[in-house]
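Tertiary structure, described
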Amino acid sequence: MSSVLALPKPVQRRLADPVNRVLRRVPAWPLYILGALPPAWLYWAALNDRLGVDPVREMEHQLGLWGLWLIIATLVVTPLRQITGISLLKYRRALGLLTFFYILCHLAVWAYYDVQTWSRVWADIVKRPYITIGMAGLLLMLPLALTSNTASIRKLGKSWRKLHKLVYAVAILGALHFVILVKGFQIEPLLYMAAILILLALRLPWATRR
Amino acid sequence: MGLGSIAGPALAAPEGLRPNDFEDITNYNNYYEFGTGKEDPARYAHNLTVAPWSVEINGMVDRPGTYGLEDILKGKTIEERIYRLRCVEAWSMVIPWNGFELRALLDQVGVQSGAKYVAFETALRPDEMRGVSRRVLDWPYREGLRLDEAMHPLTILATGVYGRDLPNQNGAPLRLVVPWKYGFKSIKSIVRITLQEEQPYTSWKDANHREYGFYSNVNPEVSHPRWSQASERVIGGGLRSRRDTDMFNGYGEEVASLYSGMDLSQNY
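Residues numbered from 1 in each chain as written. Chains lettered and ligands numbered in written order. Predicted model: local features only at pLDDT ≥ 70, side-chain atom pairs only at ≥ 80, totals over all residues. Heavy atoms only, no water.

If you check an unreviewed UniProt entry, chain B appears there as Protein-methionine-sulfoxide reductase catalytic subunit MsrP from Pseudooceanicola marinus. For the record of chain B, the UniProt heading Subunit (unreviewed entry) holds the text "Heterodimer of a catalytic subunit (MsrP) and a heme-binding subunit (MsrQ)." (UniProt positions renumbered as here; feature names shortened; annotations may be inferred.)

Labelled according to an unreviewed UniProt entry, chain A appears under the name Protein-methionine-sulfoxide reductase heme-binding subunit MsrQ, originating from Pseudooceanicola marinus. UniProt annotates chain A under Sequence similarities (unreviewed entry) with the comment "Belongs to the MsrQ family." According to the UniProt record, the Subunit (unreviewed entry) comment for chain A is "Heterodimer of a catalytic subunit (MsrP) and a heme-binding subunit (MsrQ)."

Structure follows, in structure tokens:
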């Protein structure tokens, strides 16, 4: 499948081949280590009073934003390959798992440092739509994270691909969570939502051809 | 602007509040005219020209007109008032304001009978306020109080914090402080005060009346539709600092009588 926006094949080859050649030599595993650094730094900075006046909010916000960036990166892989021929496919699992990791940290900081009591955490999840939506997004990521391994891909076959389309719903829920939590009319969360919707639209039948 | 006499304990209730650091107070602000980030006001509010400053006082008053800040401060006793500020976003900090009672100014201009509300307006200066190019709210920022709330001795106009001139990000040179209400009621950088009979336009309520009421008294029992107001994060208290929110932010003894007979879950 390729995109209606796809560059002509010769252009793709001239652009993508050298990049892909380099990428072939760059393994995916360092991403897991690099990806673990920002949350670790955030936590260290919070404990050492280096996150400004409201460290809890800063941790929450940063982890949430990183989660959105990572899921956007995950969604970029396919259209990027279809349009330019550059393939980041082998990094996609790491990007997806890191998204899950960041959002899990985001939840943990919110529950343990912000809300603090389990009864209130539960009450918020049930009663506050933006939290319900965020939580739903995280729960939908759970089966994806659990099956992000080669054994599951083999075992599940075609249904693995179907299952992993859940990431589209996760991305929309994540952006929606941000859109409805801000006060007043703010642009930033709408930009994240727009980016995600565009990346999903590129996957619709009208945008792709076989 | 020096520090005048210190308020007696009756007006500093609840007592024993430990003020936040000057750093906390001046680096964590909601002043959307300079951007929606908490650090934006500290970063950009220096662009606001605060001297000279004048306030137009009009509507149902005996002596309407444009008052220079010097005229407003003349004869006022600047006191220190240590108040807890409870933000509608469920965080709080304690601020040692310097200021004078709003009623002293209202008495100066002579409130006419029939006036029931006081409307306030913040400066709107697109050249100096980078945030107003985005329509986060319908600028200029406007707030209002019922006349009895405005005349209450806890209600002050602040001109300073920690005995220093009010930093721009905190609403220089003149801002309202109403300690039993959510912070957004305490309008900053005031350029207009209008006495009127009708309930005034207020920015947050009129942007979203389901989420923000005209009264906006701190009330742990009435949630904001999107989050609980039962407790609050204590700014400057380190990680995991949280306290239960007090009715009227702890000023119930002084102000509850203003609302006797009112259903506060309706009049939120």
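A word on the overall build of chain A
Scanning chain A from terminus to terminus reveals ten helices and two strands. Radius of gyration (C-alpha) of chain A: 19 Å, near the 17 Å computed for a compact globule of 210 residues. The principal-axis extents of the C-alpha atoms in chain A amount to approximately 55 × 40 × 35 Å. Among the 210 residues that make up chain A, the fraction classed as buried is 44%. Counting only contacts in chain A whose residues sit at least 6 apart along the sequence, the fraction spanning at least 24 positions is 70%. Taken as a whole, chain A presents about 11,800 Å² of accessible surface, with 70% of it coming from carbon and sulfur. (Helix = DSSP H or I, 4+ residues; strand = E, 2+ residues; numbered from the N terminus. Rg over C-alpha atoms; globule rule 2.2 N^0.38 Å. Buried < 20%, exposed > 50% of the residue type's maximum accessible area, 1.4 Å probe, protein only. Contact = heavy atoms within 4.5 Å. Areas by Shrake-Rupley, 256 points an atom, 1.4 Å probe, with all protein chains shown as cover.)

Looking at the side chain of R233 of chain B
By secondary structure assignment, the location of R233 of chain B is in strand β11 (residues 231-234). A relative accessible area of 9% means that R233 of chain B is categorised as buried. Side chain to side chain, R233 of chain B and D54 of chain A meet in a polar contact 2.6 Å long. If sequence neighbours within four positions are ignored, R233 of chain B has contacts with D54, V56, R57 and D114 of chain A together with Y28, A90, W91, S92, S241 and R242 of chain B. (Polar contact = N/O pair within 3.5 Å; in protein donor to acceptor, adjacent residues only side chain to side chain.)

Re the interface of chain B and chain A
The interface of chain B with chain A comprises 32 residues on the first partner and 27 residues on the second. Contact with chain A buries area across many residues of chain B, yet R226, L239 and R240 of chain B alone supply 33% of it, more than any other trio. Summed over the shared surface of chain B and chain A, the result is five salt bridges. In this structure, D244 of chain B engages R120 of chain A in a salt bridge whose closest nitrogen and oxygen atoms are separated by 3.1 Å. Our count for the contact surface shared by chain B and chain A stands at 16 residue pairs in polar contact (both at pLDDT 80 or more). At the level of elements, α1 (22-27), β11 and β12 (242-244) of chain B are the ones that each hand at least two residues to the side of chain B that touches chain A. Among the elements that make up the side of chain B that touches chain A, the one with the highest residue count is α1 of chain B (three residues). Looking at the side of chain B that touches chain A residue by residue, the classes come out as eleven nonpolar, nine polar and twelve charged. (Buried area = accessible area lost by both parts, 1.4 Å probe. Salt bridge = Lys/Arg side-chain N within 4 Å of Asp/Glu carboxyl O. Nonpolar A, V, L, I, M, F, W, Y, C, P; charged D, E, K, R; others polar.)

As for the sheet that holds strand β5 (residues 117-122) of chain B
Residue and element names in this part refer to chain B. Spatially, five strands are ordered β2-β1-β10-β5-β6 in an open sheet, and the strand pairing comes out mixed. Strands at the two margins of the open sheet, each flanked by one partner only, are β2 (65-68) and β6 (142-146). Between one strand axis and the next, the sheet turns by 20 degrees as a mean value, whatever way the strands run. Pairing of β5 with β6, which is carried by five bridges, proceeds in the antiparallel orientation. (Pairing = 2+ DSSP bridges. Axes fitted to C-alpha atoms, helices over the stretch in contact; angles between N-to-C directions.)

Points about the UniProt feature "domain: Oxidoreductase molybdopterin-binding" (unreviewed entry) in chain B
Per the UniProt record, "domain: Oxidoreductase molybdopterin-binding" (unreviewed entry) is found at residues 50-204 of chain B. End-to-end, the C-alpha atoms of residues 50-204 of chain B are 25 Å apart, and along that stretch the chain is 13% helix and 38% strand.

Some thoughts on the packing of aromatic side chains
Residues and elements named next belong to chain B. A full pass over the atoms with the stated rule returns 17 aromatic pairs over all chains. Considering the side-chain rings of Y28 and W91, the 4.9 Å spacing of their centres and the 75 degrees angle between planes classify their relative orientation as edge-to-face. Here Y28, found in the loop between α1 and α2 (40-44), pairs with W91, found in strand β4 (residues 91-101); they are 63 residues apart in sequence, far enough to count as distant. Residue Y28 shares its accessibility class with W91, and that shared class is buried. On the numbers, 4.8 Å between centres and 85 degrees between planes, the contact of Y31 with F34 is edge-to-face. Take Y31 and F34: they sit in the same class, and that class is buried. (Phe/Tyr/Trp six-rings, centres within 6.5 Å; stacked < 30°, edge-to-face > 60°.)

Describing the confidence of the model for chain A
Any residue range with low pLDDT should be treated as having predicted coordinates unsuitable for detailed reading. Here chain A averages 95 in pLDDT, while 99% of its residues score no lower than 70. Predicted confidence in chain A is weakest over strand β2 (residues 208-209) of chain A, with a mean pLDDT of 76, and strongest over helix α10 (residues 188-201) of chain A, with 98. (pLDDT = per-residue confidence, 0-100.)

Considering the UniProt feature "binding site: Mo-molybdopterin" (unreviewed entry) in chain B
The feature "binding site: Mo-molybdopterin" (unreviewed entry), as given by UniProt, occupies N29, Y32, E33, C87, T122, N170, R175, S186, I187 and K188 of chain B in the numbering adopted here. Note that Y32 of chain B resides in the loop between α1 and α2. You can call Y32 of chain B buried: its relative accessible area is 8%. Ignoring anything within four residues of it in the chain, the contact list for Y32 of chain B reads K183 and Q186 of chain A together with E89, G131, V136, W139 and W204 of chain B. The class of T122 of chain B is buried, set by a relative accessible area of 1%. Among all residues touching T122 of chain B, those that are not within four sequence positions of it are Y31, E33, M129, P140, Y141, I187, K188, S189 and V191 of chain B.

Here we look at the environment of P30 of chain A
Residue and element names in this part refer to chain A. Assignment of secondary structure puts P30 in helix α2 (residues 29-47). Overall, the relative accessible area of 24% leaves P30 in the partly exposed class. Each C-alpha atom of the pair P30 and V53 lies 33 Å from the other, and the pair is 23 residues apart in sequence.

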